[in-house]
Amino acid sequence: MTTEVSDPNEIDQRVFPPTARRDPRTGELLLGAVRTSALIAQYGSPLYVLDEDVARSRARRIRAALEAEAERIGTTATVYYAGKALLCVDVARWMAEEGLAIDVASGGELAVALAAGVEPSRIGFHGNNKSEQEIGRAIAAGVGTIVIDSEIETERIAAAAKAAGVTQRVRLRVNSGVHASTHDYLATAHEDQKFGQPLRDAPRLVAAILAHDGLEFVGLHCHIGSQIFGTDGFRESARRLMRVYPELARLAGRSIPELNLGGGFGIAYTSAQAEDVPTIATVARELADMVADCAREFGVPVPHLAFEPGRVVVGPAGVTLYTVGTTKPVPLAGSDAAAPADLGYGERLYVSVDGGMSDNARPALYGADYQVRIANRTSDAAAALVRVVGKHCESGDVVVQRDLLPEDVRPGDTLVVAATGAYCWSLASNYNYLPRPPVVAVSGRGVRLIVHGETEDDLLAKSASWRPRGDDPPTP
């Protein structure tokens with residue numbers, strides 16, 4: 001990110017939840033009208049905070065935009081919330097109440113969605129290695145659609161559907177060969193990777209699906225990647241998929257009713273990215289237009305559209321709170337000093353917090369960038385170039401690679417990192433035996449706990465031979 005920020009106290013509401021604001025008297029950050037100091041006092045640090053009103057509003061607006069644009073081109077749309085971004089019973093319930101279906105990728109995620117009361121027919125089941133047990137559970141529950149990721153799964157799903165005496169709706173996941181402009185680990189439509197099947201094999205694989213009476217083939221699925229700002233990749237991917245729809249229709253003896261274009265819509269993690277993020281209305285309009293164009297080009301009916309947004313729904317609704325433990329100025333020297341964003345700074349201030357890669361693995365996984373501010377106060381001190389790091393035994397344990405904070409940031413300060421609602425709690429671990437933090441929801445109605453945090457006793461209890469002090473059996 002660039003460090004050209006006029007005020008290191010500024011809360012950029014293009015990056016932070018739009019309900020985040022500073023108390024004009026004390027400078028303390030409020031999230032959903034709740035003071036950060038009150039959140040830390042009640043729930044501890046680190047702490048994930050999710051603004052329920054923001055998450056619901058984003059879900060509602062995304063669904064409305066995609067459905068309206070689908071209607072404009074003469075079709076309908078289903079919007080699945082991608083549970084992998086952040087899934088717990090409360091979040092699943094919010095999404096269902098806002099009219100979204102739920103996309104799950106494991107038996108555990110399926111269990112959460114069902115526990116939340118999500119209508120099974122509104123659940124889609126993904127995954128590149130769904131076990132026979134998971135497939136059986138999904139079919140028994142009445143899951144609406146299962147995405148076939150490999151040829152082996154066709155036989156597994158067909159066998160489970162036959163045993164249950166039902167017909168199971170399925171999609172085939174294919175790789176369009178369109179590589180999203182993103183980190184390699186986030187790009188999922190090139191052919192040399194674990195997801196999906198080569199598009200050239202689609203006719204053969206669909207013929208195998210159609211040979212099973214217990215399977216209803218409804219369309220192709222493709223996900224080109226994540227954190228995508230433009231629609232060019234979606235356009236080319238849709239064109240490649242729909243090019244084979246006439247052949248698939250001949251095989252099926254009917255038109256192919258659906259097209260699932262996945263998700264991957266990007267968000268602003270920093271102020272520098274905010275200018276590049278299109279509005280959801282723009283994305284929806286461009287996606288609808290390109291599908292209509294493809295349908296005309298290939299002489300097929302406009303299919304029912306399905307999308308699977310996750311990050312764009314909950315990412316901007318969440319922040320993470322940390323407490324500063326130590327600070328350490330480090331001189332910049334050699335090639336490091338040549339980094340464009342670091343020019344003008346002779347040293348970098350390392351700010352260590354009480355979490356790190358165990359609660360946000362994204363920077364270590366693929367160099368994700370974030371924006372940070374002091375939450376408990378503002379300061380008139382000059383700006384310092386900082387790197388916020390965690391407490392784990394890894395040099396790559398970085399929370400925020402580069403940003404500006406007031407140079408008087410000190411132990412005991414609360415830091416807030418923006419846009420952590422997606423893929424932070426979901427990817428959390430117990431590295432170095434750190435307990436995973438709780439998740440709280442704030443809203444205009446106050447604050448409530450939605451995911452319990454862990455304690456050291458919780459972690460010790462996983463050791464089969466451990467007993468709480470005083471519970472040891474008597475010595476024979």
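You'll find the structure just up there.
Predicted model only: the values in this text are computed from it and were never measured.

A look at the state of the cysteines
- In total, this model carries zero disulfides according to the counting rule given.
- Cysteine Cys222 remains unbridged, with the sulfur of Cys294 as its closest cysteine sulfur at 13 Å.
- Since its relative accessible area comes to 4%, Cys294 is described here as buried.

Topic: unusual backbone geometry
- A cis amide bond links Ser45 with the next residue in sequence, Pro46, at an omega value of 0 degrees.
- Looking at the element boundaries, Pro46 is found in the loop between helix H1 (36–43) and strand E4 (47–51).
- Positive phi, normally seen in glycine, also occurs at Gln227, with a value near 55 degrees.
- Counting through the fold element by element, Gln227 comes out in the loop between strand E11 (215–221) and helix H8 (232–243).

Brief notes about the nonpolar core
- Core analysis: the largest hydrophobic core is formed by 135 residues, its most contacted members being Leu39, Tyr81, Leu172, Leu220 and Leu415.
- For this core, the element with the highest residue contribution is helix H11 (residues 280–298), accounting for eleven residues.

Description of the sheet that holds strand E1 (residues 21–22)
- In space, the three strands of this open sheet follow the order E1-E2-E3, with antiparallel pairing throughout. Of all the strands in the sheet, just E1 and strand E3 (34–35) have a single pairing partner and so form its edges.
- Sheet topology note: the strand E2 (residues 29–31)/E3 ladder contains two bridges and is antiparallel. Residue Leu31 lies in a different strand from E3, and its bridge partner there is Val34.

Focus: the packing of aromatic side chains
- Using the criterion set out here, one finds two aromatic pairs in the structure.
- Here the aromatic rings of Phe234 and Phe265 are separated by 5.4 Å at their centres, their planes lie at 45 degrees, and the arrangement is tilted. One end of the pair, Phe234, is in helix H8; the other, Phe265, is in the loop between strand E12 (258–260) and helix H10 (271–274), and 31 residues separate them in sequence. Exposure class is identical for Phe234 and Phe265. Each is buried.
- On the basis of an interplanar angle of 75 degrees and a centroid distance of 5.1 Å, the ring pair of Tyr269 and Tyr370 is categorised as edge-to-face. One end of the pair, Tyr269, is in the loop between E12 and H10; the other, Tyr370, is in the loop between helix H13 (362–366) and strand E16 (372–374), with 101 residues separating them in the sequence.

Some thoughts on the packing of helix H7 (residues 202–210) against helix H9 (residues 245–252)
- It is the contact of H7 with H9, at a shortest axis distance of 10 Å, that shows an interaxial angle of 25 degrees. It follows from the interaxial angle that H7 and H9 lie roughly parallel. Between H7 and H9 lies a crossing whose hand is right-handed. Counting all contacts with H7, which are made through Ala202, Pro203, Val206 and Leu210, the residues of H9 involved are Glu247, Leu248, Leu251 and Ala252.
- The class makeup of the residues in the contact of H7 with H9 is seven nonpolar, no polar and one charged.

A word on H9
- All buried positions along H9 are accounted for by Tyr245, Leu248 and Ala249. Along H9, the residues classed as buried sweep out an arc of 105 degrees about the axis, all on the same side.
- Residues of H9 that are buried sit in contact with H7, E11, H8 and E12.
- Positioned one or two residues after H9, Gly253 has a phi angle of 75 degrees, which is positive.

A short note on the pattern of salt bridges
- Counted under the stated rule, the structure contains 28 salt bridges.
- A salt bridge links Glu275 to Arg14, with the shortest nitrogen-to-oxygen separation between them at 2.5 Å. Taken together, the residues span a long stretch of sequence, with Glu275 in the loop between H10 and H11 and Arg14 in the segment before E1 at a distance of 261 residues.
- Residue Arg14 is classed as partly exposed on the basis of its relative accessible area, which comes to 44%.
- One salt bridge in this structure joins Arg72 and Asp289, with 2.7 Å as the shortest N-O distance. A residue pair is termed long-range when its members are at least 10 positions apart, and Arg72 in helix H2 (residues 52–72) and Asp289 in helix H11 qualify at 217 residues.
- For Arg72, a relative accessible area of 46% gives the class partly exposed.
- Each of Glu52, Asp53, Arg56, Arg60, Asp90, Glu97, Glu98, Arg445 and Arg448 takes part in a single network of salt bridges with overlapping partners.

Quick notes on the rules
- Residues numbered from 1 in each chain as written.
- Predicted model: local features only at pLDDT ≥ 70, side-chain atom pairs only at ≥ 80, totals over all residues.
- Heavy atoms only, no water.
- Disulfide = S-S within 2.5 Å.
- Buried < 20%, exposed > 50% of the residue type's maximum accessible area, 1.4 Å probe, protein only.
- Helix = DSSP H or I, 4+ residues; strand = E, 2+ residues; numbered from the N terminus.
- Core = buried A, V, L, I, M, F, W, Y, C linked by side-chain atoms within 4.5 Å.
- Pairing = 2+ DSSP bridges.
- Phe/Tyr/Trp six-rings, centres within 6.5 Å; stacked < 30°, edge-to-face > 60°.
- Axes fitted to C-alpha atoms, helices over the stretch in contact; angles between N-to-C directions.
- Parallel < 35°, antiparallel > 145°, perpendicular 65-115°, else oblique.
- Left-handed = near helix turned anticlockwise from the far one by under 90°.
- Contact = heavy atoms within 4.5 Å.
- Nonpolar A, V, L, I, M, F, W, Y, C, P; charged D, E, K, R; others polar.
- Arc of directions from axis to C-beta.
- Salt bridge = Lys/Arg side-chain N within 4 Å of Asp/Glu carboxyl O.

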